[in-house]
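Topology and contacts: notes
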Amino acid sequence: MVRVALDSFTLADLECLGNGAYAPLEGFMGRADYESVVAGLRLADGRPWPLPVCLRVPDDLARRAVPGRELALCAPGGEPVAVLEVSEVFEADPAAEAQAVFGTTDPAHPGVARLLGQPRTCLAGRVAPARLAAPDAAGPAALPGDPAATRALLRARGWRTVVGFQTRNPIHRAHEYLLKCALEQADGVLVHPLVGETRADDIPADVRLACYRTVLERYFPPDRVLLGVFPGPMRYAGPREAVFHALVRKNYGCTHFIVGRDHAGVGRYYDPFAAHRIFDRFRPGELGIDVLRFDSAFYCRACGGMASDKTCPHGELERFTLSGTRLRQLLRAGLRPPAEIIRPEVADLLSRAYGAPARPGPGPAPASPPPATPPGGRPVRVRSRPNRLAEVVADPLAGRLAKPRTTGWTMVLDKGMGVARTRDFLELAAPYVDFLKLTFGSPLLYADGWLAEKVRLARQWGVEVYPGGTLLEVAWWQGRPGEFLAAARAVGIRVLELSDGTVPMSPANRRALLETLREAGFRVITEVGKKHPGDQPDLAQLAATAVADLDAGAEKVIVEGRESGRGTAVLDPDGAVVDVAVRALVDAVGDPDRLIWEAPQTAQQLAFIRAFGANVNLGNIPPDDVLALEALRRGLRGDTLRDVVHREQVAMQPPGGPVIA
């Protein structure tokens, strides 16, 4: 008998076909059902079904799979687990399927990436039921995963109304809020986590199950909740997968199903409420299960508890949420999720699973600054648990320090990002950013409350926000530095920049103001150089000011580079780095780690990395260039990679041997 090797994703589909979770499907789809589902969320006979379930095989195997022939379906280890009687062989259309099912053909979408990497040829046919896993006293197989067994348990409890809850993340307080709202309306809740294949960076199923057990045992009445498992894989198909999850839970005996904000979403591919609206495409009662549409829940500082838009009158500044992405980043950094969002018992389980002691993490109202930074940082990768690509490819330019660090800083020039864009930026780039510098006098132009929110948000991600030195110059010039410091402290700013780039300041006044800032409890970074190209001091004066600032207690000194990166003491009018000036400044202060070079242009960043290594301090980096700069620091861009390759080839060649020209 011809054998067909299944991957873990298709093996999970096979189990769900065999145990009835995918009813009314009895096997892998044929062409008519496939095309009807892709085009209109229905099987060929008109019954609702939103997602293709196909057995995709390589061409050489498809040529031997003629209709009427039986094939042995095998687990990844090679053991046969079921028999397929082939009824049809057909070609799928991956591009059209991706657009219809996922709403995109972008290969960065995990569902699209998987689909486009599969063969086009599909085999259709019924499959016999198969047991695919031995029970494990602590694992998913120890819980009810078979629809018939689950329905029997629900009947034994006498539940007539059952709400199903799908999740692929550890249970948190927002989940609890939704579940308890559901319990007010139903006899019981089936907490039904998906335990099939998910993305590599999702939290493993056994860890999630331990979290579910802990919360359900301690915070829910035992006769009102049942923990089961859904062995199917995650498709990340957004609205269509919401309908799919509802139909599956109907097969498990649920009468109602919770659909939350951005159900089954990934990244920003779906409208957050598209999963609510898609159910309007079906007639009342047609799906055989009722949908409970919930918005996202959050912790409200003013309310003092969990709430939603329907129950809380307060604005965004009072609300605190935690995405699955942010939770994983906290855990990888060894930070404890806040108790307002994650139960302490669950935080302990998650921290142990990630192999790091749980340090206090960001919360709704931080009471104290984060722990002091260890000298020099840690010579390890920023990604403590990298994605699959990073597990394969090492940094060619080794030694990049991870946060927290005292050198290797990246200071980003923020010319007015809104809070939403700041949040998006931090979700992607926070591991590589140390400071957000609010340029010009822009902090004065923020609406009431939004500056404090931006500072709070950035600090949650381990990034400090501070205003550019021009604002302090104006306050000093107007005779109001004390009021300025009080206002800065009130919005949560802990770092200030002292400069005289536009407003003249004597050395004595500069030192006195620096000492005032330090006595007021601020971290102080100073800047040397002038804003106008025609006002630049000579090199000796620049060096003397930098040395005096460091002697007076400045943490580091920024060397003016301007937003344009042109026309300063160390950058010529064309933006080229003036090597003689750079070396003179380093010689004067004695340590390049005490200087921050403003270098908004890639060529400038490359020059400083070549001169001082991957952990040189760089500033005035545009937000969109942060990842590009981090790649440059690590040897993951052509210029620095070429340097590494060149050095290694030179080292390997005998004297006089060839090298890269």
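So, here's what we can say about the structure. (Residues numbered from 1 in each chain as written. Predicted model: local features only at pLDDT ≥ 70, side-chain atom pairs only at ≥ 80, totals over all residues. Heavy atoms only, no water.)

1. Structural notes on the overall build of the protein
Counting its secondary structure elements, the protein contains 23 helices and 24 strands. The buried share of the protein, reckoned over its 661 residues, is 51%. Pairs at least 24 apart in sequence give 70% of the contacts found in the protein among residues at least 6 apart. Here the protein has roughly 28600 Å² of accessible surface; of this, 54% comes from carbon and sulfur atoms. (Helix = DSSP H or I, 4+ residues; strand = E, 2+ residues; numbered from the N terminus. Buried < 20%, exposed > 50% of the residue type's maximum accessible area, 1.4 Å probe, protein only. Contact = heavy atoms within 4.5 Å. Areas by Shrake-Rupley, 256 points an atom, 1.4 Å probe, with all protein chains shown as cover.)

2. Structural notes on the nonpolar core
Ranked by internal contacts, the top residues of the largest apolar core, which has 73 residues, are Tyr22, Trp49 and Leu73. For this core, the leading source of residues is helix α9 (residues 238-251), giving six residues. Residue contacts for Tyr22: discarding those within four places in its chain leaves Asp13, Cys16, Leu17, Trp49, Val53, Phe230, Gly232, Pro233, Arg235, Phe244, Val248 and Asn251. Listed in part, the 66 residues of the second largest apolar core include Trp461, Leu471, Met505 and Ile621. (Core = buried A, V, L, I, M, F, W, Y, C linked by side-chain atoms within 4.5 Å.)

3. Thoughts on the pairing of strand β18 (residues 435-438)
Side chains Phe435 and Lys437 project from β18 onto one buried face, and the interleaved Leu436 and Leu438 project onto a second face that is buried too. Strand direction decides the pairing type here: strand β17 (residues 410-414) and β18, joined by four bridges, are parallel. By the bridge assignment for β18, Asp414 is matched with Leu438. Bridge count for β18 against strand β19 (residues 464-467) is four bridges, and the pairing is parallel. Bridging from a neighbouring strand, Lys437 pairs with Tyr466 of β19. Taken together, β18, helix α15 (residues 450-460) and β19 constitute a β-α-β crossover, and its handedness is right-handed. (Pairing = 2+ DSSP bridges. Right-handed = clockwise from strand over helix to strand, strands pointing away.)

4. Let's talk about the packing of aromatic side chains
Between two aromatic rings, the relevant description is the distance of the centres plus the angle of the planes. Tallied over the full model, the rule gives nine aromatic pairs. Geometrically, the ring pair formed by Tyr22 and Phe244 is edge-to-face, given 5.3 Å between the ring centres and 65° between the ring planes. Note that Tyr22 is positioned in the loop between α1 (8-19) and β2 (27-28) and Phe244 in helix α9, a separation of 222 residues in sequence. Judged by relative accessible area, Phe244 falls into the buried class, the value being 0%. (Phe/Tyr/Trp six-rings, centres within 6.5 Å; stacked < 30°, edge-to-face > 60°.)

5. What to know about the sheet that holds strand β12 (residues 298-300)
Strand order in the open sheet formed by three strands is β13-β12-β14, with antiparallel pairing between adjacent strands. The sheet is open, and its two edges are formed by β13 (305-307) and β14 (319-320), each paired on a single side. When β12 meets β14, the two strands line up antiparallel, connected through two bridges. Note that in β14 the partner of Tyr299 across the bridge is Phe320.

6. Section: the environment of Ala242
Along the chain, the position of Ala242 falls in helix α9. Judged by relative accessible area, which is 0%, Ala242 ranks as buried. The sequence separation of Ala242 and Phe279 amounts to 37 residues, and the corresponding C-alpha distance is 8.8 Å. When residues no more than four places from it in sequence are discounted, the contact partners of Ala242 are Phe257, Val259, His263, Ala275 and Phe279.

Remember, this is a structural readout, not a statement about activity or role.
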